[in-house]
Amino acid sequence: MLSDLLDAVRAGQNLRVTGGGSKPGLGHAVAGQALSVSCLRTVISYEPAELILVAQPGLPLEELKALLSTHGQALAFDPPDLGPLYGQPAGGGTLGGVVATGLSGPGRVKAGAVRDHVLGMTAIAGDGRVFRSGGKVVKNVTGFDLPKLLTGAHGTLGIMTEIVVKVLPSPPVSKTLVLAGIEGAEATRALADALGSAAEVGAAAFTPSYLPLDGLLPDRTPCVLLRLDGVAVSVAERLSALEQLLHGRAAMAVLAGDESTMLWAWLRDAAPLAERPELDVWRLSVPPMAGMGVLSTIRAAIPRAIGWLDWGGGLIWLGLPGGMADAGASVVRGALGGDGHATLMRAPDAVKALVPVFQPLPGPLAALTARVKAQFDPAGILNPGLMGM
Amino acid sequence: MPTMPTPDPAALSKRADLLRRLREAVPGGVIADEASLRAYDTDALSAYRQMPMLVTLPRNTAEVAAILRICHAMGVKVVPRGAGTGLSGGALPLADGVLLVLTKLSRILEIDYDNRAVVVQSGVTNLAISQAVDERGFYYAPDPSSQIACSIGGNVAENSGGVHCLKYGVTANNLLGIEVVTMEGEVLRLGGKHLDSGHYDLLGVMTGSEGLLGVVTEVTVRIRPKPALARALLVGFDRTVDAGDAVAAIIAAGIIPAGMEMMDRPAIHAAEDFVKAGYPRDVDALLIVELDGPAAEVDALIAQVATITTAHHGRPPRLSNSESERLAFWAGRKAAFPAVGRISPDYMCMDGTIPRKALPEVLSRMAAMEGEYGLRVANVFHAGDGNLHPLILFDANKPGELEKVEAFGAAILRLCVAVGGVLTGEHGVGIEKRDLMPDQFTADDLEQQTRLKCAFDPDSLLNPGKLFPTLHRCADSGWMQVAGGRLPFPDLPRF
């Protein structure tokens, strides 16, 4: 009940706020009374022709997706299901968890991020005040855009009680062009050329030869994967344009239907790392052209590292052998080169007690961030320490 | 007329000292004489005017930081200003404040096609970015109607939209990073060429913050490859309600057009009289739908849109078969504001957003209000995203008429909020809609926004008096009157 949440906040004790509990190991350990929003799971309104859905944060993601699909719509930012990465069952995520963690899937490269689809919200601030920001229309510049700030804030700025999301038509057809046997600079070039073309590539990834591929792709072969989404005639035309553009650079094959869907779900949900619970897991955001080099630098220092590139090279999923005292932080963050950030997605609490999970901020930015936190949660009771403060 | 904070006598008394220090920090970049200051006394909401105490024209980030440090140390207010094309008075000067004009930060710093990013100083115009990358077939998607003149820094401050934002998003959705200077003069970098933030999304909340949180000096935007083809469809409807239903049906069919614009009868007539675009005069609503993308997709979808509009009692649609024909369809729409300017001495452009389904109700209630206020309205409408631009026609020379317009405009925006919409879709709150904020937000809603301001600018020196009806907590006190005036940038298209 909403009133229970309010009572809990107003009691002034430290709170460990959760949604579906599908990502329990994300962030620093929080000492506080557990408070779940999973009981707030109502769809308040859904108007397909307005492209708007309003729901409570505890709404299970699977229910939400099923509802949207009855109207041919979807969340275009392609939210990952990271439950299995944290040893939880698949399908346990909630809308609130997706928004609070701000994690977008492969579709982010074209469709935008979670924050681009969160239009408004109501939340409880740390001092128990309820505030609303944004709106229930797709175009709105009235007041500060607080929903952007709360998206990805891991519940440290407010407890969301109502979320307005923009939904979009789901593409009727998705196909994936696979370039097999291409790596290094050639792979980076292929990704850049494809994303820089008018083919409207909807997702773009690179999988190295050492990644176990579960039979989804040619074994022990580095691949560039380019997804095209849309109406059938459009996908066909763009596919042929892409094939022409990349002709002669690698062996090509096309995946359609379930094969294409499963491949992207597997990358989206970081399945190769979910299968290896002994690995420490990082997620890096870098300029797309830098991704391949950053991954190589890290593997040169830590040869048993595994990883792949998404977002045209801009996103790196990385698994490092467990047992390193800093979970590889000095190597990983040292490889970033000033433009980007690295989040330690999974590691033992003992390691996370020593290593910042979220990218450390330069002094003035850290000070500003702390001031922002204090203005939303003056006593610091909402997920204290989860984001490092 | 909205009241502004009362000038602080202490700040005014420091003018000579401030001028000396600013001239040292920004040699040749300070304006102090009354005749030159006059050019900066308004932005494009020219009904409101105010002379600034001083104007500074820094050439780089270091000078911006120096100006802010001086003003912060002396307790002097600062109003940032880009090209001054904003429609909500966000850059209206303060009598006791320094106007920080960013137009000299006009260099394109880097074009990075491989990362699909362009890095520019904040005074670069919106259109200049698209022009700079045109040779390689790229463009910057947000296209506010003032794009030939408006600065990208101003776009960040206002989170500007444009005709194509239904499909490609507004400024916030097309930004990768900014360099921003705080009121203390601290230079911060938010984002870069990578996606998403590693911590709080300060870039997201800076976007659209109307110059209250920081001064943007550098912007990294995402550029996109230009679509292979664009085609438009033009269709008239005898009844507005049918046009509204057709718009909903197009979206419900899973089609997101690049642009979807509606005009009502007075706007159609004004545009047709002005540019003779070939619009039908005997319809209540005109819809322009633009599709872009691969040729096969555009051809398939435009045929589907034609079927939908016909099923919703549209007249036989016209489909553009050439680029010149497509541009001709748009000519009337793009000339709608100046066309309305021809039939009325003055007009005030409103900017509410409503749920699309509320359109017929809002239009009929607005028509009733025309009688009530004795003023006419012409409507243009970004139908795809529900963003209304009612143009209230009036004559500023008639005593009392501006006040009537303000009251009528406020009533329209309250109506937008009442049907589930918002006060402003793309023009910003500024000074214009400031006092209506309590109609959309509760005291607690506004309190939280004000608190965010406190995190960035605890002394409330940066653009005070804008956005929030009252500045309690970190606010200064007092009020003042502002004088009225007229429209600058008469040649800019407004749509």
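None of these values were measured; they are calculated from a predicted model. (Residues numbered from 1 in each chain as written. Chains lettered and ligands numbered in written order. Predicted model: local features only at pLDDT ≥ 70, side-chain atom pairs only at ≥ 80, totals over all residues. Heavy atoms only, no water.)

Observations regarding the overall build of chain A
Thinking step 1. In terms of helices and strands, chain A carries 14 helices and 17 strands.
Thinking step 2. Against the 2.2 N^0.38 benchmark of 21 Å for 389 residues, chain A shows a C-alpha radius of gyration of 21 Å, consistent with a compact globule.
Thinking step 3. Projected onto the principal axes, the alpha-carbon positions of chain A cover approximately 65 × 50 × 35 Å.
Thinking step 4. Counting only residues that meet the buried cut, chain A has 61% of its 389 residues in that class. (Helix = DSSP H or I, 4+ residues; strand = E, 2+ residues; numbered from the N terminus. Rg over C-alpha atoms; globule rule 2.2 N^0.38 Å. Buried < 20%, exposed > 50% of the residue type's maximum accessible area, 1.4 Å probe, protein only.)

Overview of the interface of chain A and chain B
In many analyses, interface size is given as the accessible surface area lost on bringing the parts together.
Thinking step 1. Counting residues at the interface gives 76 residues for chain A and 88 residues for chain B.
Thinking step 2. Counting the surface lost from both chain A and chain B, the interface buries some 6700 Å², and carbon and sulfur atoms represent 57% of this.
Thinking step 3. Together, K139(A), V141(A) and F144(A) form the three largest contributors to the area buried by chain A at its contact with chain B, with a combined 14%.
Thinking step 4. In this assembly, chain A and chain B are joined by 8 salt bridges.
Thinking step 5. Put simply, R132(A) and D445(B) hold a salt bridge, and the shortest N to O gap is 3.5 Å.
Thinking step 6. On inspection of chain A and its partner chain B, the count reaches 34 residue pairs in polar contact (both at pLDDT 80 or more).
Thinking step 7. At the level of elements, α4 (108-111), α5 (114-117), β7 (130-134), α6 (146-150), β9 (168-169), α7 (184-195), α8 (232-245) and α14 (363-376) of chain A are the ones that each hand at least two residues to the side of chain A that touches chain B. (Contact = heavy atoms within 4.5 Å. Buried area = accessible area lost by both parts, 1.4 Å probe. Salt bridge = Lys/Arg side-chain N within 4 Å of Asp/Glu carboxyl O. Polar contact = N/O pair within 3.5 Å; in protein donor to acceptor, adjacent residues only side chain to side chain.)

Observations concerning the confidence of the model for chain B
If pLDDT is low for a region, its predicted coordinates should not be looked at in detail.
Thinking step 1. Of the residues in chain B, 95% reach a pLDDT of 70 or more, and the chain-wide mean stands at 93.
Thinking step 2. The ipTM for the predicted assembly is 0.97, set against a pTM of 0.95. (pLDDT = per-residue confidence, 0-100.)

Focus: helix α10 (residues 265-275) of chain B
Thinking step 1. Looking at α10(B), one finds that the buried residues are A267(B), I268(B), A270(B), A271(B) and E272(B).
Thinking step 2. Check the buried side of α10(B) and you find it contacts β13 (259-264), β14 (285-293), α12 (323-334), α13 (336-343) and β17 (377-382) of chain B.

Description of the side chain of D377(A)
All names here are of chain A.
Thinking step 1. Looking at where D377 falls in the secondary structure, it is placed in the segment after α14.
Thinking step 2. D377 gets classed as buried once you look at its relative accessible area, which sits at 1%.
Thinking step 3. A distance of 2.7 Å separates the side chain of D377 from the side chain of K373, its partner in a polar contact.
Thinking step 4. Among the polar contacts listed, one links the side chain of D377 to the backbone nitrogen of I381, at a separation of 3.0 Å.
Thinking step 5. Not counting residues up to four positions away in its chain, the partners in contact with D377 are G126, T156 and L382.

Focus on the pairing of strand β11 (residues 203-207) of chain A
Residue and element names in this part refer to chain A.
Thinking step 1. Counting buried residues in β11 gives 5 out of 5 residues, a clear majority hidden from the surface.
Thinking step 2. Burial along β11 is two-sided: the face carrying A203, A205 and T207 and the face carrying A204 and F206 are both buried.
Thinking step 3. When β11 meets strand β12 (residues 223-230), the two strands line up antiparallel, connected through 5 bridges. Opposite A205, over in β12, you have L225 as the bridge partner. (Pairing = 2+ DSSP bridges.)

Digging into unusual backbone geometry
Thinking step 1. The backbone of L51(A) sits at a positive phi, close to 65°, despite the residue not being glycine.
Thinking step 2. In this structure, L51(A) sits in the loop between β3 (43-47) and β4 (52-55).

Structural notes on the environment of E162(A)
Residues and elements named next belong to chain A.
Thinking step 1. For E162, the position within the fold is in strand β8 (residues 159-166).
Thinking step 2. Sequence separation between E162 and M389 is 227 residues, and the spatial gap between their C-alpha atoms is 25 Å.
Thinking step 3. Not counting residues within four places of it along the chain, the set of residues in contact with E162 comprises I44, V54, A55, P57, G120, M121, T122 and K136.

A few points about the packing of helix α14 (residues 359-373) of chain B against helix α15 (residues 401-418) of chain B
Residues and elements named next belong to chain B.
Thinking step 1. Two elements in contact, α14 and α15, have axes whose closest approach is 11 Å; the angle formed by their N-to-C orientations is 160°. In terms of axis orientation, α14 runs roughly antiparallel to α15. In the packing of α14 onto α15, the handedness of the crossing is right-handed. When α14 is examined against α15, the residues V362, R365, M366, M369, E370 and Y373 are found in contact with a partner set consisting of K404, A407, F408, A411, I412 and L415.
Thinking step 2. For the contact of α14 with α15, a count of residues per class yields 9 nonpolar, no polar and 3 charged. (Axes fitted to C-alpha atoms, helices over the stretch in contact; angles between N-to-C directions. Parallel < 35°, antiparallel > 145°, perpendicular 65-115°, else oblique. Left-handed = near helix turned anticlockwise from the far one by under 90°. Nonpolar A, V, L, I, M, F, W, Y, C, P; charged D, E, K, R; others polar.)

Considerations on the sheet that holds strand β16 (residues 346-349) of chain B
Residues and elements named next belong to chain B.
Thinking step 1. Spatially, the 7 strands line up as an open sheet ordered β15-β12-β14-β13-β17-β18-β16, and their pairing is antiparallel. Here the strands that pair on one side only, and so sit at the sheet edges, are β15 (318-319) and β16.
Thinking step 2. The pairing of β16 with strand β18 (residues 387-394) spans 4 bridges and is classified as antiparallel. If you follow Y347 over to β18, its bridge partner there is L393.
Thinking step 3. Against the sheet, helix α9 (residues 240-252) contacts β12 (229-237), β13 and β14, and its axis sits at roughly 175° relative to β13.

Details of α15(B)
In an α-helix, one turn spans 3.6 residues; hence positions three or four apart end up facing the same way.
All names here are of chain B.
Thinking step 1. Relative to the 26 Å expected for 18 residues at 1.5 Å per residue, α15 spans 25 Å between its end C-alpha atoms, a close match to the ideal helical length.
Thinking step 2. Among the 18 residues that make up α15, 13 are buried, leaving the element largely enclosed by the rest of the structure.
Thinking step 3. Just downstream of α15, G420 is the residue with a positive phi angle, here 100°. (Expected span 1.5 Å × (residues − 1).)

What about the sheet that holds strand β2 (residues 54-56) of chain B?
Residue and element names in this part refer to chain B.
Thinking step 1. Strand order in this open sheet of 4 strands is β1-β2-β4-β3, and the pairing throughout is mixed. At either end of the open sheet lies a strand with only one pairing partner, and these are β1 (30-31) and β3 (77-81).
Thinking step 2. Inspection of the sheet shows β3 paired to strand β4 (residues 97-101) by 5 bridges, in the parallel sense. Within β4, the residue paired with P80 across the bridge is L100.
Thinking step 3. Contacts from helix α2 (residues 15-25) reach β1, β2 and β4 within the one sheet, and its direction differs from that of β2 by about 10°.

Focus: the packing of aromatic side chains
Thinking step 1. Here the structure, examined in full by the defined rule, presents 7 aromatic pairs over all chains.
Thinking step 2. The interplanar angle of 5° and the centroid separation of 4.8 Å between the aromatic rings of Y373(B) and F408(B) together place this pair among those described as stacked. Of this pair, Y373(B) sits in helix α14 while F408(B) sits in helix α15; the two residues are 35 residues apart in sequence, bridging distant segments of the chain.
Thinking step 3. Taking the ring centre of W264(A) as reference, the NZ or CZ of R227(A) above it sits at 5.5 Å.
Thinking step 4. Its end group placed over the ring of Y113(B), R136(B) keeps NZ or CZ at 4.0 Å from the ring centre. (Phe/Tyr/Trp six-rings, centres within 6.5 Å; stacked < 30°, edge-to-face > 60°. Lys NZ or Arg CZ within 6 Å of the ring centre and 35° of its normal.)

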